[in-house]
Amino acid sequence: MSRRAAVLLPYAVFLILAAVSWNRWIEPFVDTGRELMVPWRVSRGEALYRDVRFYYGPLAPWLGAAVDSVAGRRFAARIALAALVAILHLEALRRLARRLTTETLASLAASLAVAVAFFLRPGGCHLFPYSLDTSLAVAAATGAVLLATSGGSSRRDRAAAACVLAALLARPEIGLAGLGAITVERVLAPDAAAKRRLGWLAAFPVLTAAIVYALASAGTPAATLAKEGWLAVLFVPPEFRNVYASFAGVDRPALRLAELGLVLFALLAVGIWLVLAAIAAARLRRRSEAGARAPQVAAVAILAVAALVALRPPAAVRETVDLLPPLVRAVPPLLFAAAIAGAALRLRDRSRNSFVAGVPDSVLLLALLFAARLLLAAGYVGPYDGFYLPLPIVVAVAMLFRVAARVPAQIDVSPRPTAFPGLVAASLAVFLAARIGALALAYRDPAWSRVATPAGSLFVIEPLAGATRDALANLSRRVPPNGSIVGFPEAGFFNWVLGRTNPLAQDQFFPGHLDRAGEQEAITRLSRMPPDAVVLVNVRTAGHGRAAFGKDYLEELDGYVRSRFRPAAEFGPGAGSSSRIGDPGFFIQILVPAGRPAP
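Residues numbered from 1 in each chain as written. Predicted model: local features only at pLDDT ≥ 70, side-chain atom pairs only at ≥ 80, totals over all residues. Heavy atoms only, no water.

1. Focus: the overall build of the protein
Along the backbone of the protein there are 23 helices and 6 strands. Radius of gyration (C-alpha) of the protein: 26 Å, near the 25 Å computed for a compact globule of 599 residues. Its C-alpha atoms give the protein principal-axis dimensions of roughly 90 × 65 × 45 Å. Within the protein, the fraction of its 599 residues that count as buried is 55%. Counting only contacts in the protein whose residues sit at least 6 apart along the sequence, the fraction spanning at least 24 positions is 74%. Working note: accessible area of the protein is about 24800 Å², and carbon and sulfur atoms make up 64% of it. Considering the protein, the positive charge centre built from 62 side chains and the negative charge centre built from 39 side chains are found 8 Å apart. (Helix = DSSP H or I, 4+ residues; strand = E, 2+ residues; numbered from the N terminus. Rg over C-alpha atoms; globule rule 2.2 N^0.38 Å. Buried < 20%, exposed > 50% of the residue type's maximum accessible area, 1.4 Å probe, protein only. Contact = heavy atoms within 4.5 Å. Areas by Shrake-Rupley, 256 points an atom, 1.4 Å probe, with all protein chains shown as cover. Lys, Arg positive; Asp, Glu negative; His and termini not counted. Charge placed at Lys NZ, Arg CZ, Asp CG, Glu CD.)

See below:
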């Protein structure tokens, strides 16, 4: 592969998947309302944290507010902002991969990161992330370790410090993780000049971020920042911990370990298959080069057939195929195993080499921190995989290539099975094609349906699409242009696309977001500034430990709404006179003040 082709391949995969998934990235009623509304409210003069509750750093809301101020309420403008961050993230991954392995293999590693993690639903798509702050922080932290490990210079360290600052202002815990990884590498390295620069590299972003957070938090009570602001990272409620445990797979360790065993067995079988093909190729090469290619082509072709069967399994084997978890499940545990083994060797030899040969310590440590968020559950669709998995994939693939290159010399056969590294690369190329195919099948399902809004069109899966169209039409007639809408557990999508305000400080009402005092404050605001409409969306939150708004959590707030507002319209297959959030069928219910006449 030429150098130009190697550089362009990850971007080609990105563009192919962007085209395949075009305008199918937005989940209207899970995190999207917050991501749309918080920046828009800031652009209209409301103060972040004080007037608008938000759990992350201020960088993404400020950038989104700037976009809304310049371009107005347009999905295209917000998507363009997210796409810019995604491209910067991809370039950082590509350059890091190039530092770890050859140009061609680095291109394959970065392409795999895109195909596996950049276009996941729900919420994990880089073109409309569940959290732009997370996308920014991960991209910036990746850029920071890239720059800080690139030979060491004052200019690169200044750029790395800027990246650390961006990560701190997006999500402080990710920024500190990136800075910590760089610090460990600099402290353990023999380069005295690099150590001297570490003080400035660390002090500038931390002090600057502290000033920015102090200014952004001015006028906001410390209790609010701790419960519903950026300080919540230090006071994580139990419901949030449940989500973190679920996404890491440690809530059900026995099941996840069993799944991991299946994946490791499948990968071992593939490895043995490739070794046998390489041995056969080496022996046939004595006769002719063409004969040596036959077992290699056959081995890769059979893997391709297996991938096709997994994509569209026949009915007779569908249940069996569905039992196999995603193969990337093995990435976090194997990374940790390699790091532990490398650390043990380093301590035994008392050397200052990297923990894992060929991988800078800061890159490995950041990859391990990201992998820990997905420890036993990597590969399930969802927001965390989308942003924390790319760097571990790049590092793991680079390490795999390094191991594969050593295998021929470790096998006691003659002649050496030198084709093995190429077969490993070919098998990963098959996996890459399979991932593209799987996403194409998912995003081009006939269930997708177009939803037109004043802010642009998007595609949504039915029956959500039909209910969303009907609710939009009803709310646009029912709520005047200067009116307000409140939604539970989240309906800010309607506020933003219709340009209607929200009188509450919160745009999300999921478990753990409000304590007793916060619930009472929301009720007080509703009584003081009743909205023109209340929208209830049947969204469950099982990962939090409590699933249904009004049944399992915030019962008093739900009771107040139902006592002061009456049902006016309901849409979706779950619609009914007594429907409640948590019922089986999806619905969107619109309520209006009880004493107000129908329009």
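2. Notes on the sheet that holds strand 3 (residues 485–488)
On the basis of which strands lie adjacent, the open sheet formed by 4 strands has the order 3-4-6-5 and mixed pairing. Every other strand in the sheet has two partners, leaving strand 3 and strand 5 (565–571) as the edge strands with one partner each. Across this sheet, the average inter-strand angle for adjacent strands is 25°, counted without regard to direction. Pairing of strand 4 (residues 533–537) with strand 6 (residues 588–593), which is carried by 4 bridges, proceeds in the antiparallel orientation. (Pairing = 2+ DSSP bridges. Axes fitted to C-alpha atoms, helices over the stretch in contact; angles between N-to-C directions.)

3. Structural notes on the pattern of salt bridges
In this structure the tally under the stated criterion is 27 salt bridges. Where Arg197 meets Asp157, a salt bridge forms, and the shortest distance between an N and an O atom there is 2.6 Å. Taken together, the residues Arg197 in helix 9 (residues 192–217) and Asp157 in helix 7 (residues 154–170) connect sequence positions 40 residues apart. For Asp157, a relative accessible area of 1% translates into the label buried. The closest approach of N and O atoms between Glu239 and Arg546, which form a salt bridge, is 2.3 Å. Of this pair, Glu239 sits in helix 11 (residues 238–248) while Arg546 sits in the loop between strand 4 and helix 23 (555–564), and the two are 307 residues apart along the sequence. Relative accessible area serves as the criterion here: at 12%, Glu239 is assigned to the buried category. The structure contains a network of salt bridges with shared partners spanning Arg3, Glu91, Arg94, Arg95, Arg98 and Glu103. (Salt bridge = Lys/Arg side-chain N within 4 Å of Asp/Glu carboxyl O.)

4. Here we look at the side chain of Asp31
Position of Asp31 relative to the elements: it lies in the loop between helix 1 (3–20) and helix 2 (32–43). When residues no more than four places from it in sequence are discounted, the contact partners of Asp31 are Tyr130, Glu490 and Gln508.

5. Brief notes about the nonpolar core
Ranked by internal contacts, the top residues of the largest apolar core, which has 189 residues, are Phe75, Phe119, Val395, Phe488 and Phe494. The greatest single-element share of this core, amounting to 14 residues, is contributed by helix 4 (residues 75–100). When residues no more than four places from it in sequence are discounted, the contact partners of Phe488 are Leu504, Phe509, Leu526, Val534, Val535, Leu536, Val537, Phe549, Leu557, Val561 and Ile581. (Core = buried A, V, L, I, M, F, W, Y, C linked by side-chain atoms within 4.5 Å.)

6. A short note on the packing of aromatic side chains
Summed over all chains, the structure comprises 23 aromatic pairs. Seen in terms of ring centroids, Phe75 and Phe493 are 6.1 Å apart; in terms of plane orientation they differ by 20°. Their pairing is stacked. Of this pair, Phe75 sits in helix 4 while Phe493 sits in helix 21 (residues 492–498), placing them 418 residues apart in sequence. On the basis of relative accessibility, which here comes to 2%, the residue Phe75 falls in the buried class. With a centroid separation of 6.2 Å and an interplanar angle of 40°, the aromatic rings of Tyr130 and Tyr384 are classed as tilted. (Phe/Tyr/Trp six-rings, centres within 6.5 Å; stacked < 30°, edge-to-face > 60°.)

7. Overview of unusual backbone geometry
With an omega of -5°, the peptide bond running from Arg121 to Pro122 counts as cis. The residue Pro122 is located in the loop between helix 5 (103–117) and helix 6 (132–148) in this model. Although it is not a glycine, Leu554 sits at a positive phi angle of roughly 50°. By the element assignment, Leu554 lies in the loop between strand 4 and helix 23.

8. Description of the side chain of Arg24
Looking at the element boundaries, Arg24 is found in the loop between helix 1 and helix 2. Setting aside anything within four residues of it in sequence, one finds Arg24 in contact with Arg121, Tyr443, Arg444, Trp448 and Phe459.

9. Focus on the environment of Ala159
With respect to the helices, strands and loops of the structure, Ala159 is situated in helix 7. Distance in space between the C-alpha atoms of Ala159 and Arg286 is 54 Å, their sequence separation being 127 residues.

10. Quick notes on a nonpolar patch on the surface
There is a patch of nonpolar side chains on the surface, built from Leu262, Leu264, Leu267, Leu324, Leu327 and Leu334 and spanning about 470 Å² of accessible area. You can call Leu267 partly exposed: its relative accessible area is 33%. (Patch = residues over 30% accessible without salt bridge, like charges linked within 9 Å, V, L, I, M, F, W, Y side chains within 5 Å.)

11. Description of the packing of helix 4 against helix 5
The contact between helix 4 and helix 5 brings their axes to 8 Å, and the two run at 145°. Of the two elements, helix 4 crosses helix 5, and the hand of that crossing is right-handed. Of helix 5, the residues touching helix 4 (which contributes Leu90, Leu93, Arg94, Ala97 and Arg98) are Glu103, Ala106, Ala109, Ala110, Ala113 and Val114. Its residues assigned to classes, the contact of helix 4 with helix 5 shows 8 nonpolar, no polar and 3 charged. (Left-handed = near helix turned anticlockwise from the far one by under 90°. Nonpolar A, V, L, I, M, F, W, Y, C, P; charged D, E, K, R; others polar.)

Worth remembering: the numbers are spatial, not functional.
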